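# Understanding the architecture of this molecule
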Amino acid sequence: MQQEEFETLVKELAQLDSVSAILEALTNNEEPEVADAAAALIGHFSLAEIDGEKRIYHVFSQENDQGEPEEFAEWVMNDGDEMMRFIAWFFYTTFEITDKETYQAAGCAYKPVKRG
């Protein structure tokens, strides 16, 4: 994907208002790597309330040292955060594109997430 195509895609995704809408748009992308990565993520998110905040987690399984599947949950964002957080998470997790690069592609200022 060319930089110009990436910028267009990120700007289009930033107009959407939910994780599911973003994943649906990504699954329809003409780049097979993007579409396949998004399709593989559908159904792997969970909402949990922790410390009074509703947090969105990516839930996945990975084999442990004994070769048994073990479930993990990665905190992606809080419910109500701007969708750019999810978009940046997707591109970093999938293609190792930094959050800063994704935010810049959308024409947004990048503010690192403070997680205490």
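Look a little higher up for the structure.
To start, this report covers the structure provided alongside it.

Turning next to the environment of Asp81. With respect to the element layout, Asp81 can be found in the loop between β3 (69-78) and α4 (84-95). Residue classification places Asp81 among the partly exposed residues on the basis of a relative accessible area of 22%. The spatial distance from the C-alpha of Asp81 to the C-alpha of Arg55 is 9.5 Å, given a sequence separation of 26 residues. Among the polar contacts made by the side chain of Asp81, one reaches the main-chain amide nitrogen of Asn78 at a distance of 2.9 Å.

The phi angle at Asp51 is positive, at roughly 55 degrees, despite the residue not being glycine. If you check the backbone angles, Glu96 has positive phi at about 60 degrees while not being a glycine. Tracing the backbone through its elements, the reader meets Glu96 in the loop between α4 and α5 (99-105).

Turning our eyes to something else, we now look at the sheet that holds β3. Strand order in the open sheet formed by three strands is β1-β2-β3, with antiparallel pairing between adjacent strands. Since the sheet does not close on itself, it has two edges, and those belong to β1 (45-50) and β3, each with one partner. When strand polarity is set aside, the average angle formed by the axes of neighbouring strands in this sheet is 40 degrees. Here nine bridges tie strand β2 (residues 53-63) to β3, and the two strands are oriented antiparallel to one another. Bridging from a neighbouring strand, Phe60 pairs with Phe72 of β3. The strands that α4 touches are β1, β2 and β3; relative to β3, the one it contacts most, it runs at about 140 degrees.

Rules of the game
In this convention, every chain numbers its residues from 1, walking through the sequence in written order. In keeping with the model being predicted, local features are shown solely for residues with a pLDDT of at least 70 and side-chain atom pairs are shown and tallied solely at 80 or more, while totals for entire chains, interfaces and linings include all residues. Hydrogens and water molecules were not included; the side-chain quantities draw on all heavy atoms of the structure. Only runs of H or I of at least four residues qualify as helices and only runs of E of at least two qualify as strands under DSSP, and these elements are numbered from the N terminus. Buried, partly exposed and exposed residues are distinguished by accessible area as a fraction of the type maximum, computed with a 1.4 Å probe on protein chains only: under 20%, between the cut-offs, and over 50%, respectively. Counted as a polar contact is a pair of N or O atoms within 3.5 Å, where, for protein atoms, one must be capable of donating a hydrogen and the other of accepting one, and residues adjacent in sequence contribute only when both atoms are in side chains. A pair of strands counts as paired when DSSP detects no fewer than two bridges linking them. Axes here mean lines fitted to C-alpha atoms, for a helix over just the part in contact, with angles spanning 0 to 180 degrees between N-to-C directions. We call two residues in contact whenever any of their non-hydrogen atoms come within 4.5 Å of each other.

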